[in-house]
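Structural overview
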Amino acid sequence: MRKMKQKTDEELMLMWTAGNFKAFDALFNRYGQKVYNLFLRSLRQKETSEDLLQECFMRLAESRNRYHPQNSFTSWLFTIAMNLLRDQYRKKQRFQATFSPEDPEPKLRNFADSRKEPLNQMETAELKIAVEKALQTLPADQREIIVLSKYQGLSYAEIGDILALSPEAAKQKAYRGLKTLRQKLAHLSEEQ
Amino acid sequence: MTCEDINRLLVSFLAHDLSPKQEKQFRKHLAGCASCARETAEFETVWRRLDAVPEETVPLPTKETIYDRIYRLDSKFTKTVAIDLWYSLKKTIKPLAPLFMGLLTTIIFAFSLSFRTDLKLISPLGLTIAGGLWTGLFTLVYYLFSMGGNMRELSWRFLAQATLIAVGIFLLITAFSPLPHAVRFCSRFQFTQPFMERLSLGGTYFLFGTLYSLIPMTVGAYFCASRWGNKPILRGSIAGAMFMLLLTPGIFLQCAPFALGIVLGWFGGALVGSVVGGVLGFWARIHFAKNY
């Protein structure tokens, strides 16, 4: 019998549906961190991201009997995640309401850490804040696509599938988002 | 590859989402086009800068909570043999659902008819044929209903839906006022008696047969027409014909004691009422419903 690591997502999902808890463990090890970072990068709120991660895997567990192995597991999982993310946006009306630019916590934490660090690490922390901030200024749909493509490594066909868009429309939105980011990050030096 | 193509494929290039052939052509264009090369370089910088946001690991307490919740859910719902059996049974019986529903509806109809029809007058063979035909027709309509359908196209699903609603209403009406009872009542009622005397018994059954199918079919079609946009005559006729087919065994079981003229009048009325009701319902909804 092949080890869990060698099994495909779809095989693991079927095993989990049949009651094999180890299959869930393997799936969580593959995707838990990815989904968590999707929430974290989209919301910049640690606690909310943790709650959403829990909710996402609970929904996956509850809906697993409806899963068909012909469908891509990644699309299934990220569709649940994106639905949760959108519910979260809706709860707060606008994303800007959940993200308070005045909130000094991330900056202070990063700078507090960086005080003991060399100059280039301080620059990295600055760059991280600038990129995070620039990402938050994007419209939610553009940010979602960039996050799914850049950080989750999904193809535009998969992204289109998850967000109910054509791959071309997803590419266009990503292009517009990157164009905005180029402007927002133009002030950074070339090395960064 | 043109500059426009480069623009279109740029994000795929950054995400390594291009085929080797496309990537080769992409790079070839960049080598000969300074403006595209500059724009690509700028986007590559932005793409690289996005790496500045590092990936964080899931906090251990969160991971433990998730595992705990899922383990509890699993032990509650899927760790029992009974639940496993239920799921496999559900999967197996799903394709048989239209047959099951068809059989169930036939039994309900036959049961409701058995109280007021002398079924002894029908031969066992006739009863078997009527029951089998009825089950088959209901199964077919439930099967059509279980199929997917586009709301804007001629969809069998919604035609079947209209038919089943009409059947439900018909069942209710006939349960409270069976057609032969209504005919008898109107023949004795002082206001309707003179009119009924002018009609032959066959004509009376034609009239009542028409009304008894026209009302349910009009209502059923009206409620389902909101899903459609046009062709009321075609849709109404198809749904009406399906409704009539479903009524046929029921009429057959009820009309055993009657003369041929009455039977023909009843069937004729039901056919006219079904088709006219279907067309009328769809047409009315299309033309009068404000939210259409």
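1. Here we look at the overall build of chain B
The number of helices and strands found in chain B is 13 helices and zero strands. Along its sequence from the N terminus, chain B presents helices and strands in the succession α-α-α-α-α-α-α-α-α-α-α-α-α. Every one of the 292 residues in chain B was classed for burial, and the buried ones make up 32%. Contacts in chain B between residues at least 24 apart in sequence constitute 78% of all its contacts with a sequence separation of at least 6.

2. Remarks on the overall build of chain A
Helix and strand content of chain A: 10 helices and zero strands. Starting at the N terminus and ending at the C terminus, chain A contains elements arranged as α-α-α-α-α-α-α-α-α-α. Residue burial in chain A is summarised as follows: out of 192 residues, 34% are buried. Sequence-distant contacts, at least 24 apart, represent 60% of the contacts inside chain A between residues at least 6 apart.

3. Some details on the packing of helix 10 (residues 167-184) of chain A against helix 3 (residues 34-49) of chain B
The interhelical angle for the contact between helix 10 of chain A and helix 3 of chain B, taken along N-to-C directions, is 85 degrees, at an axis separation of 10 Å. Our classification of the angle between helix 10 of chain A and helix 3 of chain B gives roughly perpendicular. Together, A:Leu178, A:Leu181 and A:Arg182 of helix 10 of chain A and B:Glu42, B:Phe43 and B:Val46 of helix 3 of chain B make up the contact between the two elements. In the contact of helix 10 of chain A with helix 3 of chain B, the residues fall into four nonpolar, no polar and two charged.

4. Describing the interface of chain A and chain B
On the side of chain B, 31 residues touch chain A, which itself brings 33 residues to the contact. Here the side of chain A that touches chain B gets eight residues from one element, more than from any other, and that element is helix 2 (residues 21-43) of chain A. Taken together, the residues that form the side of chain A that touches chain B break down as 16 nonpolar, 10 polar and seven charged.

5. Description of the nonpolar core
Counting 61 residues, the largest nonpolar core has A:Leu27, A:Val35, A:Phe39 and A:Leu77 as its most contacted members. Considering each element in turn, this core owes the most residues, 12 residues, to helix 2 of chain A. In this structure A:Leu77 touches A:Tyr31, A:Val35 and A:Leu60, once residues within four positions along its chain are discounted. B:Phe170, B:Tyr222, B:Met244 and B:Cys255 belong to the second largest nonpolar core, which has 44 residues in total.

6. Some remarks on the environment of A:Trp76
Residue and element names in this part refer to chain A. Along the polypeptide, Trp76 turns up in helix 4 (residues 73-91). On the basis of neighbour counts, which here come to 21 C-beta atoms within 10 Å, the residue Trp76 falls in the buried class. Between the C-alpha atom of Trp76 and that of Asp161, which follows or precedes it by 85 residues, the distance is 9.3 Å. What Trp76 contacts, discounting residues up to four positions off in sequence, is Tyr67 and Asn71.

7. Focus: the packing of helix 8 (residues 156-176) of chain B against helix 11 (residues 201-224) of chain B
All names here are of chain B. Contact geometry of helix 8 with helix 11 gives a least axis separation of 8 Å together with a crossing angle of 140 degrees. As summarised for this structure, helix 8 and helix 11 are arranged oblique, according to the angle between their axes. Handedness of the crossing formed by helix 8 with helix 11: right-handed. Residues Phe158, Gln161, Ala162, Thr163, Ile165, Ala166, Ile169, Phe170 and Ile173 of helix 8 touch helix 11, and the partners they reach there are Tyr212, Ser213, Pro216, Met217, Val219, Gly220, Ala221, Phe223 and Cys224. Class assignment of the residues belonging to the contact of helix 8 with helix 11 gives a composition of 14 nonpolar, four polar and no charged.

8. Notes on the environment of B:Trp134
In this fold, B:Trp134 is placed in helix 7 (residues 124-146). If sequence neighbours within four positions are ignored, B:Trp134 has contacts with B:Thr106, B:Phe109 and B:Pro249.

9. Digging into helix 4 of chain A
All names here are of chain A. Taking 1.5 Å per residue as the helical rise, helix 4 with its 19 residues ought to reach 27 Å, and the 27 Å between its terminal C-alpha atoms agrees with that figure. Along helix 4, the positions that sit buried rather than exposed are Phe73, Thr74, Trp76, Leu77, Phe78, Ile80, Ala81, Leu85 and Gln88. Where helix 4 is buried, its residues meet helix 1 (9-17), helix 2, helix 3 (46-63), helix 8 (140-151) and helix 9 (156-163).

10. Re unusual backbone geometry
The backbone phi angle of A:Ala164 is positive, close to 55 degrees, even though this residue is not glycine. Mapped onto the elements of the fold, A:Ala164 is located in the loop between helix 9 and helix 10. The backbone of B:His16 sits at a positive phi, close to 55 degrees, despite the residue not being glycine. Along the chain, B:His16 falls in the loop between helix 1 (3-14) and helix 2 (20-32).

11. Points about the confidence of the model for chain A
Mean pLDDT over chain A stands at 79; residues scoring 70 or higher make up 80%. Across chain A, helix 3 of chain A holds the top mean pLDDT of 91, while helix 6 (residues 105-114) of chain A sits lowest at 41.

12. Regarding the confidence of the model for chain B
Residues and elements named next belong to chain B. Residues with a pLDDT of 70 or more make up 88% of chain B, whose mean pLDDT is 81. Looking over chain B, one finds the lowest element-wise mean pLDDT in helix 5 (residues 81-93), namely 66, and the highest in helix 11, namely 89. Quick note on the complex model: pTM equals 0.49, ipTM equals 0.77.

13. Structural notes on the environment of B:Lys231
In this structure, B:Lys231 sits in the loop between helix 11 and helix 12 (232-254). The exposure class of B:Lys231 is partly exposed, given the 14 C-beta atoms found within 10 Å.

Basis of the calculations
Residues numbered from 1 in each chain as written. Chains lettered and ligands numbered in written order. Predicted model: local features only at pLDDT ≥ 70, side-chain atom pairs only at ≥ 80, totals over all residues. Helix = DSSP H or I, 4+ residues; strand = E, 2+ residues; numbered from the N terminus. Buried ≥ 20, exposed ≤ 12 C-beta atoms within 10 Å, placed from the backbone. Contact = placed C-beta atoms within 7 Å. Axes fitted to C-alpha atoms, helices over the stretch in contact; angles between N-to-C directions. Parallel < 35°, antiparallel > 145°, perpendicular 65-115°, else oblique. Nonpolar A, V, L, I, M, F, W, Y, C, P; charged D, E, K, R; others polar. Core = buried A, V, L, I, M, F, W, Y, C linked by C-beta atoms within 7 Å. Left-handed = near helix turned anticlockwise from the far one by under 90°. Expected span 1.5 Å × (residues − 1). pLDDT = per-residue confidence, 0-100.

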